[in-house]
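# Inside the fold
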Amino acid sequence: MLFDMICKEISIEEIDLTNETFRISEEIVSAPLRMSMREVGQLNPVLLLEGKHTYRLICGFRRLYALRQLSASHVFARIVEERDRDLSGIFNLAFWDNLSHRQLDPLEKARALYKLRNNFGVSNNVIIKNYLPLMDLSPHKQVLHIYNMMHTSNQGLRNRFKAGHLTLSSMEYLAAMPASSQASIASGLEGIRLSAGLQKKFFSLLRDLAAKNGIEPEVPFKDPEVLSILNDAGLSPFQRGEKVFALLYRWRYPRLTQAEERFFERKKSLELPGSIRIVPAPYFEVPDLRVEFNAPDAERFREMAAELFEASQTPELDGLFKVI
Amino acid sequence: MIPYKPERILVQKESWQDTVTSEILGRLPDVEVRTVKDSEIRPMEPSAVSTVQSRNKNTLVLMRYPGSFLKRCQGSGADTCCNYYVVSCVWNCHLDCTYCVLQSYLSSRALIVCTNFEDLINEVRETLANSPKRIFRIGTGELADSLAQDPITGFSRRLVSFFAGLANGFLELKTKSDCIANLEGLDHRGHTIVSWSVNSKRICRTEEEKAPTLEKRLAAALQCQKWGYKLGFHFDPLIYYDGWERDYREAVKEIFHTLDPDRVVWVSLGALRFPPHLIDYVKERFPESKIPYGEFIPGHHGKLRYFRPIREEMYRNMISWILAEAPRVTVYLCMESFPVWKNSFGRESCSATFVRDQLDKAVCSR
């Protein structure tokens, strides 16, 4: 034992509830924990640091919150005295307590890493070597850098991440942006939802457009066309996401998008039935077209071949080969 | 140009027996030298799949290459290929152009010089002797700049003299440098083409920062012209940006107003293309570069290329500007498809045989 184990009941009023020096948990509201407390009471003591006039909470933020919700006046606690350890050593207690019984989510990892470095003076090298592997993170400087930025990232983005609306890689990308960009993008993202697969492409387009045009990455969100999509109440958040993505894609690849649109229009002008598919070569790299149809019998085959023959006699067909 | 000066030299044990080694070390008397084992060398070969990235270009490695030196150019996979051959006795380049494929292609960042030069010479001699009726155009600029390290290697003097004696062999020294001193006074007999990779002044300034300016490259070309060498130019990579037309047209004019157009045997055009993963290298190493933000699509061999109309627009314009200045010069495209050749030149005849014959004729007749 490195410190005396003193356990006693402490009045919740004696605990400085505003002090979150040792907090790691991102979410302290836990309905199952509250239910458990209500049914069988507090099973494990919280860990408190004894101060001159008040106690500081080291471990047990969720337990204490649940007790307060149940209007409890006292909490069963183990007391640590500051003379027992330095503050980083005390934070280690919170760290290991959390690590011993659950997986930290990415924002909790970010919070712990940020505190180790910025509040408790643990060196980058020690964090990278000792702490990142404990959290299943690669022991690299860049990883630490990203997680530190994630901890200080915009609250709106953090909320979207917690809600599962942003992937970890999207969050990492957004966290690296200046605060003002994060705020604007968080606000822009409010009206849209992007599938995990689309997020990578979406943010990649934002990044490319910013670098290409020498603008901040949030600028596209201020464009009137984007705003009109974001404000279109007739669309679902996912539909808005797809439409904004399509617009960004068009800005990033203007000539390719125009060619695709021309092809679509000219194909439409041939007035072929939908069962006959005409497909251009990928990215129009060669002018070839591929024609496909399925025919269940000879009669249907003849019908579609006749449709194709009719289309082949129109000048619109030539246009299809001159899309670019 | 910033000359290449290594901080350390690693010499493979067997390489100590080669004249090339002693010559190179003699030119770098104050650089630390260490003998290394084969096991340290093997991962550096171009064919090695390796993550050896620790050694930087300040390390010069002198080693023997056990493989074949003479290879067909990688463009041979394209629809219309010019049938070019390459020999690579230096791997890597210190000029660090932002778009350079070598930064992701080679397994080592060290600059490597192959010291078994005699093997290269013998291989070329034998191959050419086996096909005496065929013309071989052979370049050394695939895995390195042909002349940027020449002050240290001195390879150009050996190669030029060797090719002068080959009836069916023509050497192309392809460079961005102005390191031409070794070419003076050689009896090349018209079998060496000194060619420059050129670009618009803006691209030279922003993406080829360590290479000589266009003016300096042309001054070097002018000197080579005075020494009787045939000349070539490669607008490769052509890079698309707002205002490219004005800048590239100016570069074309500058070339042909500086040099005698009749001494220029060929001009090649190649729009920027690269393996997809190179984009991440460029973004990381050269964050100011705008190159990664072009309108690229995955094309031939999975490489990223400009969308076809962009390439054709560039080629069409470049061809007309070049032919306006030098009507007799042979212009060709590098690694392009039939449709692009056809749309760029406005003619049907663009088969590989046609292109090969045109280039062979150009090199033999000038």
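Above this note sits the structure.
Rules of the game
Chains are numbered independently. Their residues run from 1 in the order of the written sequence. For naming, the first written chain is A and the first written ligand is 1, with later ones following in the order written. Two thresholds apply to this predicted model, a pLDDT of at least 70 for residue-level local features and 80 or more for giving and counting side-chain atom pairs, whereas whole-chain, interface and lining totals are computed over all residues. No hydrogens and no water enter the side-chain calculation; it runs on all heavy atoms of the structure. Throughout, the protein atoms alone are placed on a 1 Å grid, and a set of points is a cavity if a 1.4 Å probe fits but cannot get out or a pocket if it is open with protein on both sides within 12 Å along at least five of seven lines; lining residues have an atom within 4 Å of a point. Grid points are joined across faces, edges and corners, and a volume is the space filled by probe spheres set on the points. Only DSSP runs of H or I with at least four residues qualify as helices, and only runs of E with at least two residues qualify as strands; both kinds are numbered from the N terminus onward. Paired strands, as defined in this entry, are two strands with at least two bridges between them according to DSSP. To obtain each axis, a line is fitted to C-alpha atoms, and for helices this fit is confined to the stretch in contact; angles are then taken between N-to-C directions over 0 to 180 degrees. Whether two residues are in contact is decided by their heavy atoms, any of which lying within 4.5 Å being enough. Note: buried area is the sum, over both parts, of the accessible area (probe 1.4 Å) each one loses when the two are combined. Whenever a carboxyl oxygen of Asp or Glu lies within 4 Å of a side-chain nitrogen of Lys or Arg, that contact is scored as a salt bridge. Each residue receives one of three labels: charged for Asp, Glu, Lys and Arg, nonpolar for Ala, Val, Leu, Ile, Met, Phe, Trp, Tyr, Cys and Pro, and polar for the others, Gly being one of them.

Taken as a whole, the largest pocket holds about 1500 Å³ of empty space. Considering the residues around the largest pocket, the lining is formed by 40 residues, among which Ser204, Arg207 and Asp208 of chain A together with Asp280 and Lys283 of chain B are closest to the centre. Contributions of two or more residues to the lining of the largest pocket are made by α6 (141–151), α8 (168–175), α10 (196–213) and α12 (237–252) of chain A together with α10 (278–285) and β14 (296–298) of chain B. Ranked by the residues each element gives to the lining of the largest pocket, the list is headed by α10 of chain A, at 10 residues.

Looking now at the sheet that holds strand β2 (residues 46–50) of chain A. Residue and element names in this part refer to chain A. Strand order in the open sheet formed by 4 strands is β1-β4-β2-β3, and the pairing between neighbours is mixed. Among the strands making up the open sheet, the edge pair consists of β1 (6–11) and β3 (55–59). Across the sheet, the mean angle from the axis of one strand to that of its neighbour is 45°, orientation sign disregarded. Here β2 runs beside strand β4 (residues 74–81); their pairing, made up of 5 bridges, is parallel. Residue pairing in the sheet places Val46 in a bridge with Ala77 of β4. Sitting on the sheet, helix α2 (residues 61–69) touches β2, β3 and β4, and the angle it makes with β3 is about 120°. Strands in contact with helix α3 (residues 87–101) are β2, β3 and β4; relative to β3, the strand with the most contacts, it is inclined by about 45°.

Glancing now at the side chain of Arg311 of chain B. Locating Arg311 of chain B in the fold gives a position in helix α11 (residues 308–325). Excluding residues within four positions of it along the chain, Arg311 of chain B makes contact with Glu285 of chain A together with Ala271, Arg305, Tyr306, Glu336 and Val340 of chain B.

Turning next to the interface of chain A and chain B. Listed per partner, the contact involves 16 residues of chain A and 18 residues of chain B. Across the chain A to chain B interface the summed buried area is about 1600 Å²; carbon plus sulfur atoms make up 54%. Of all residues in chain A, the largest losses of buried area upon contact with chain B belong to Arg255, Tyr283 and Glu285 of chain A, amounting jointly to 42% of the total for that side. In this structure, the connection of chain A to chain B is made through 3 salt bridges. Listing elements by their share of the side of chain A that touches chain B, those giving two or more residues are α10 and α13 (254–269) of chain A. In terms of residues, the side of chain A that touches chain B owes the most to one element, α13 of chain A, which gives 4 residues. Counted by class, the side of chain A that touches chain B contains 10 nonpolar, 1 polar and 5 charged residues.

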